[in-house]
Amino acid sequence: METRVVMQREQEEMSSKMAHSMELSSQIKKKTFTSSEEEPSYSDFYPIISADVMSVKEILNMDNLPRHRTWEILSETMDADEEYHRDKWTLFGNEAEKVEIDVLRNQQLLRTRVDKMALRKQAERKASMHMKYLERLSQKAPDFPIPLRAHTVWEGMTVKLCCTIQGCPPPEVTWYKDGVPLTSSNKPWNYSLCSQQKFGLILLEIRRCSPGDAGEFKVIAKSPLGEAMTFGTLVVNSPQLEEAQFGTVFHPTWVKEGDSLTLQCTFTSALLTFQQDVSWFRDGIQLNQSSVVDIKTTDNAASITLSAVHKEHEGIYTVRLSTCDGIQEHSAYVYVKDAAAAVVGGPASPLSVQVSDINKDYVFLTWQPPSADGASPVKGYYVERCDLSQGEWVRCNEHVQKMCHFPVFGLKEGTLYQFRVRAVNQAGVGRPSKATEPILTADPLEHTRTMVIKVDEERTITITKDELEGFLPRTGREGNDGYLECVGHKEGKSLAGTSSWELASLDMVVNAPRFPVFDLVKGKQYCFRVRSVNKYGVSDPSEPSALISLGEPQGAPAPPDSVMAIRDTDTSVLLQWKEPKEKDDIIGYYLYYSEAGKHAWKTVNNKPITKNRFTVHGLKAQKEYVFRVKSVSRAGNSSYSDESQAILVKSAIHVPSAPSAIALLLCTGSEMVLGWRAPAYNGGDPVRGYYVDQMEKGVKTWTEVNVKPVKERQIKISNLTSGHFYQFRVFAANVVGIGKPSDASEAFLCEKWTMPEPGCPYDLLLREVRNDSLVLLWAAPLYEGRGPVTGYFLEISQGDQSDDWTALNEKPISDTHYKVSGLQAGQTYRLRVSAVNEAGVGCASLPSEPVTALTRPGTKNIEIGVDDDGFIFLGYEADEMNDGSKFLWNKNYTETIDAERAHEETKKNRSLLVFTDPSEDDLGLYTVEMSDNPNLSSSYDFTAEDLERLKELSWQVRNPLIALKSGWQVEVSEKGAVRLWLQTESLSDAAELHLIFNDQEISSSAVRTTAQRRKINFDKAKGLVEILFDQLSQEDEGSYTAQLKDGRAKNQFTLVFVDQKFRQTLALADAKRRDFQRKSGPYFEEFLSWSVNEDCELIIKCKVTNINKDTSLKWFKDGKEVTQVVYEQSSGVSTLTIPQVTKKEAGTYRAVVSDRRGEDVSTLEMLDEEYDKLLQQLSKQCALSAGPLRIESTAEGFKLYCSLKYYISYLKTIWYFKEKRIDQETRTKPGSSMQKVWIEIFNPTENDKGKYTLEMFDGKETHKRTLDLSGQAFADALLEYQRLKQAAIAEKNRAKVTKGLPDVVAIRENKSLCLTCFIEGEPAPEISWFRNDREIYNQDQYVITKEHKCSTITVNNVNTEDSGKYSIYVRNKYGSETVDVTVSVYKHGEKPPENAVEMG
């Protein structure tokens, strides 16, 4: 692509140069005749004749022909070459004559043309003089009606910079780029200058823009009457791939031990090639892909997943992304919470179990204690090992190990082991720690005693030193050969001062050069020696060790002190503490927190922190917390440190962020007025002022403008040089210090503004941002132009970068605020404002900062009301407030409120604007915002309707009535007592009550009888007035009036308690009193009722209560006791279940519950309408239980049926075929049973194909079931019917034995046996008899008779040999059948078999 561009540019350069050369050659001045009197110079018109024309020589010798030096040279040349070219010269006289005549004719024509041109020039000269006269009359200084404008293009595009010029005389125009003049010779292949004076259009075309073409282009027009200038900036963007940055990132995360963890971050764009390697780190150590760590990177996101999280995985997780500027990182802390305890109150799991000093039968374990002790302190630890070949965990220590290290011995050599640790406290054993990686027990010095000899490519010989030794090993002394040759050791110990040695290893051979010795006595000194053992025996002992005694056990570390919490963010606190003086054994710290005053301590971290400061996340904003710290060592955890001072969680104060949007508001030629946008974040403290720096274009150093800060977002800068360009930057400062500078402004030209239109508005502010609206505020432009500003136009753009602006108002508005409505929730917008005067619309302001149309959670609006003293107020409540927050009330956003008309009152986070005496002068738009958070703002339009309504309410407050919450109510209690009551608003203790009954004041002292009492209650706090009657009577009928007074407020309320209302209440009270008396003994909580369940069973039940062991419950039907009742005394429910309902179930059911306290009766009349209702409900349940219609083929035809759980005749059924009712006829026959309804279709044909419907009417509703008997379903059913019909015919005509033969026959020998069978079949079957499966023919002993439906076989003079199985076989074309009989022949004196039929 680059080669092609270069070639195209070279071609364009060559073309441009050729065109330029031609243009230059066309501009060479030629000699012309000025008048007809001037003699022509023939020297300029000599004919040029070819050298091979011979007649030229004669022409040269003519005397009357004017001479010229050219001809002389030609003559000399020709003379010199004459002898060489003599043969080439030929004389053509006639041709020379013709040439001469043509030359003369052309001269005459040329003279005539010159004369005409002279006359034309004379006329043009006179016309030009007249035009100059007219121009002098209409002279005008240069001006640009359409100035240059800025352009932004992509590299390689063509751009045209154009403007229009006016002036008389026409001004001289010069183009400049970055202050350097442009001419036609400047890159003619790239730049093209064009000027059309007729229309005043000036054009600069730049082809194939490159970054070098970017800059400031300026056009200066000069004439004797003055000078004008316009300029525009050209920006050339190089298309390049956008580098990915972090988009959404992960925050501090909490995960439970054993759960999975996923951290993810997204990128602003697709990752470039060099960015694909996204790295993850934990506490600075890189994480790689493994069985438990899954790292994924896509074009727009990266994630890491840990399948099972343990405490060791807690820490700071960091993701790194490569960028062109270096490495970009994001980090967040991951907290691992303890899983549920193994036992209630048990300790958490230890962590960081490490294996070291691995030998043949010995390893050394270390670990870290848990942060959570449980219900009681940790007493120690149990160590467990797992032989991976067996898969079982075995405890290594019988007694609790108090220190966080333990030597494990007695292991098998060459075995894979894993280890884990459990903490122990009073509640029991806690959860196990994470298991170690598998380790192999082996001799670490094995390679020094082994030699491998290679025999060939496939065979090797391994020789150990033990096999070469033939003597006892030397003493086990470190470093000698004998020690290295030992295959085992025996260790001994001796008490200092004695010569007796005892085995420390208890006759156990130790394979490793390590051995833990236990059960030593504290305060005594010991020395040790070692014996080596090999296959030949035991060596001499080594030299004794130096004396050694048990040292003091390592104690728990000291706790930290000076714990101090420092504000950080709204949800986090920075915690610092002072480390103990003795910190050599400390491996870290555990942190704990609690809300102030609650003492509900929670663990912060489960992995010890090695530094003495940590940021605690996940706290609640505006809550107070206290903290404490523990030191962690191998000896356990220290006691808790002292609590820190309580701290309120809120953001710390920082320097403000940088201001933005620097705009030029006015320029006088030597002074500039700048404005800018406030910082987006003030750092938690109000901005106290601003500092401005300036830099002249071309200078690389910034200069301070103001030493003292300016409080307003506006500054006038003086002593500037006209015609120079300046850039500016702004710093914001608060109580903490000065923040970062803003981005440098664009280069502003210091030139006096003379345009007639107004300048741009400034200081755009956004208020009251909601889901569908916002309010925009701005300040009027400082430069008004030709006349005062008459209004403003507003434009809106969707998105934070879009340049597609849409007008918001068609006509200019005069206010400097505007409410924008109709926004889309969640969308981002920018706005800008243009001022208007009589000359037109000025330039637009800088766009506002992007804002998202979204109502902030907890946003409150201004409320209007009347206070307790009757004053009208506007109230606003802020959901967030800082110590220095203030409520700023204004009218119409900018007007201050007259203190005589209204004053502001603030109570906590609520502010009231209280009006002194509101009138029409106080109407208008009122606004409020927070001083340190303008995002918290609201407005209210105080209208005349509000004023009228609230004045009336104010009068009511100042002349109050006691408000009624609930008027007179009448209630009857379960005991039959009557309560008359009303409730008003809450009253003070000074409230008074006067109760009037039938024009007489009454009180609680009016007692009529012992049984009939009236009581009056007056609860002032609740505003409750009660009149209580133990037993209402006729004397209590009348009107009741309650007269209330509370300070200025008073009211009265009357109850007319007479006629029907009184009689109904009296009757209800009597009924409830009797019912209460009934319930003094056992009674029915639920009376007898019936229901039908899904199985179509009738359930009659009741429920009794207030029963005891003596209570009895009996059922009766029509006076007869019913015993099939189920009674659950615990629940009091008694049930009678009737599985099948018939007419005999109709009648009167009665249940009686009684004991010595009383009796209660419940009756259920199951007769007439109630019985019909039962049948209807039962029919409905039966119909609902009906299944779908099905078809069954029979030998006679089809049978369509529907299965039900239960069927009764009350359920009316009707069959339909093709929506037409089927009446009983010869081919159809309906039927039913207890669980099925059907219709039979005999001898079906194709006409029976169609839709069948069964309607079941339960007395109220109709239930339908349908079956579409057509298509394949009909064909299959018809085929099955035909098969069954043929089978029935075959079965009917098949040969078969109907009766005659028993199973076993007994007969005594020497008698005759006669067996007869009856046979059916059509056609008549063939008959054969068999004995023991062999056919019998007529013989002397066997006689067989065969008749139409009978056959007999007679066996004469039987003997024992005739015993056996006899069979008859019948057969015809429809089938066959065989019937067997066993014949037993017994001798004289024997008994026949018991199961046999005796014959003869």
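Rules used throughout
- Residues numbered from 1 in each chain as written.
- Predicted model: local features only at pLDDT ≥ 70, side-chain atom pairs only at ≥ 80, totals over all residues.
- Heavy atoms only, no water.
- Salt bridge = Lys/Arg side-chain N within 4 Å of Asp/Glu carboxyl O.
- Buried < 20%, exposed > 50% of the residue type's maximum accessible area, 1.4 Å probe, protein only.
- Patch = residues over 30% accessible without salt bridge, like charges linked within 9 Å, V, L, I, M, F, W, Y side chains within 5 Å.
- Areas by Shrake-Rupley, 256 points an atom, 1.4 Å probe, with all protein chains shown as cover.
- Helix = DSSP H or I, 4+ residues; strand = E, 2+ residues; numbered from the N terminus.
- Pairing = 2+ DSSP bridges.
- Axes fitted to C-alpha atoms, helices over the stretch in contact; angles between N-to-C directions.
- pLDDT = per-residue confidence, 0-100.
- Contact = heavy atoms within 4.5 Å.
- Lys, Arg positive; Asp, Glu negative; His and termini not counted.
- Charge placed at Lys NZ, Arg CZ, Asp CG, Glu CD.
- Polar contact = N/O pair within 3.5 Å; in protein donor to acceptor, adjacent residues only side chain to side chain.
- Phe/Tyr/Trp six-rings, centres within 6.5 Å; stacked < 30°, edge-to-face > 60°.
- Lys NZ or Arg CZ within 6 Å of the ring centre and 35° of its normal.

**Q** Explain the pattern of salt bridges to me, please; I cannot follow it from the model alone.
**A** Should their charged atoms come close, side chains of opposite charge can pair. Taken as a whole and assessed by the stated rule, the structure comprises 40 salt bridges. One salt bridge in this structure joins Glu-579 and Lys-583, with 2.9 Å as the shortest N-O distance. With relative accessibility at 23%, the residue Glu-579 sits in the partly exposed group.

**Q** Got a minute to help me understand a nonpolar patch on the surface in this structure?
**A** On the surface, Met-131, Tyr-133, Leu-134 and Leu-137 cluster together into a nonpolar patch covering about 410 Å² of accessible area. Among the structural elements, Tyr-133 can be located in helix α4 (residues 93-137). Exposure remark for Tyr-133: the relative accessible area of 45% places this residue in the partly exposed category.

**Q** Is there a simple way to think about the sheet that holds strand β60 (residues 910-915) in this case?
**A** Strand pairing in a sheet takes place through backbone hydrogen bonds and is either antiparallel or parallel in direction. Across the sheet, 4 strands lie side by side as β56-β57-β60-β59; this open sheet has antiparallel pairing. Strands with a single pairing partner mark the edges of an open sheet, and in this sheet they are β56 (863-866) and β59 (902-907). Across this sheet, the average inter-strand angle for adjacent strands is 25 degrees, counted without regard to direction. Pairing between β59 and β60: 6 bridges, direction antiparallel.

**Q** Is there a simple way to explain the confidence of the model for the protein in this structure?
**A** Looking at the protein as a whole, its pLDDT mean stands at 84, while 88% of the residues score no less than 70. Confidence, expressed as mean pLDDT per element, reaches its minimum in the protein at helix α6 (residues 481-485) with 30 and its maximum at strand β23 (residues 416-425) with 95. Long-range and interchain partners of residues 1-7, a stretch whose pLDDT sits below 50, account for 1 contact in this model, where long-range means more than four residues apart. Below pLDDT 50 for its whole length, residues 475-490 participates in 55 contacts with residues either more than four positions away or in separate chains.

**Q** Can you help me understand the sheet that holds strand β19 (residues 362-368) in this one?
**A** Within the open sheet, the 3 strands sit side by side as β18-β19-β22. Their pairing is antiparallel. Two strands close off the open sheet at either side, each with one partner strand: β18 (351-356) and β22 (405-409). Shown here is a sheet whose adjacent strand axes are inclined to one another by a mean of 20 degrees, direction ignored. In this sheet, β22 lies alongside β19 in antiparallel orientation, the contact comprising 5 bridges. Following the sheet pairing, Phe-364 is matched in β22 by Pro-407.

**Q** What is the right way to read the environment of Leu-1184 from this model?
**A** Within the secondary structure, Leu-1184 is located in helix α9 (residues 1168-1184). Looking at Leu-1184, the relative accessible area reads 48%, which means it is partly exposed. With 90 residues separating them along the chain, Leu-1184 and Glu-1094 place their C-alpha atoms 8.7 Å apart. With sequence-adjacent residues up to four places away left out, Leu-1184 is seen in contact with His-1263 and Arg-1265.

**Q** Would you take a moment to explain unusual backbone geometry for this structure?
**A** Among all residues except glycine, the phi angle is most often negative; among peptide bonds, the trans geometry is most common. In this chain, Glu-1322 is followed by Pro-1323 through a cis amide linkage whose omega measures 0 degrees. Here Pro-1323 lies in the loop between β89 (1313-1320) and β90 (1326-1331). Phi is positive for Tyr-893, close to 75 degrees, though the residue is something other than glycine. One non-glycine residue with positive phi stands out, namely Asn-1332, at about 55 degrees. Relative to the elements of secondary structure, Asn-1332 occurs in the loop between β90 and β91 (1334-1335). Taking relative accessible area as the criterion, Asn-1332 reaches 38% and is therefore assigned partly exposed.

**Q** I keep staring at a negative patch on the surface and nothing clicks. Help me out?
**A** On the surface, Glu-1165, Asp-1168, Glu-1169 and Asp-1172 cluster together into a negatively charged patch. With 3 residues, the single largest contributor to the negative patch is α9. Positionally, Asp-1172 belongs in helix α9. Residue class for Asp-1172 comes out partly exposed when judged on its relative accessible area of 39%.

**Q** I'm lost on the side chain of Thr-1041 in this one. Help?
**A** Relative to the elements of secondary structure, Thr-1041 occurs in strand β69 (residues 1038-1046). The class for Thr-1041 is buried, based on a relative accessible area of 13%. Looking at Thr-1041, its side chain comes within polar contact range of the side chain of Thr-1054, at 3.0 Å. Apart from residues no more than four positions distant in its own chain, Thr-1041 is found in contact with His-994, Leu-995, Ile-996, Gln-1052, Phe-1053 and Thr-1054.

**Q** Explain the packing of aromatic side chains to me, please; I cannot follow it from the model alone.
**A** Applying the stated criterion across every chain, the model contains 28 aromatic pairs. When the centroid spacing of 4.9 Å and the interplanar angle of 80 degrees are considered together, the rings of Tyr-333 and Phe-614 count as edge-to-face. You can see Tyr-333 sitting in strand β17 (residues 326-337) and its partner Phe-614 sitting in strand β37 (residues 613-616), a full 281 residues away along the chain. Judged by its relative accessible area of 10%, Tyr-333 is buried. A centroid spacing of 6.4 Å and a plane angle of 55 degrees characterise the contact between Tyr-926 and Phe-942, whose relative ring orientation is tilted. Taken together, the residues Tyr-926 in strand β61 (residues 924-930) and Phe-942 in strand β62 (residues 937-942) connect sequence positions 16 residues apart. Residue Phe-942 is classed as buried on the basis of its relative accessible area, which comes to 1%. Taking NZ or CZ as reference, Arg-395 lies 3.8 Å from the ring centre of Tyr-382, over its face. Here the basic side chain of Arg-420 rests over the ring of Trp-393, its NZ or CZ set 4.1 Å away from the ring centre.

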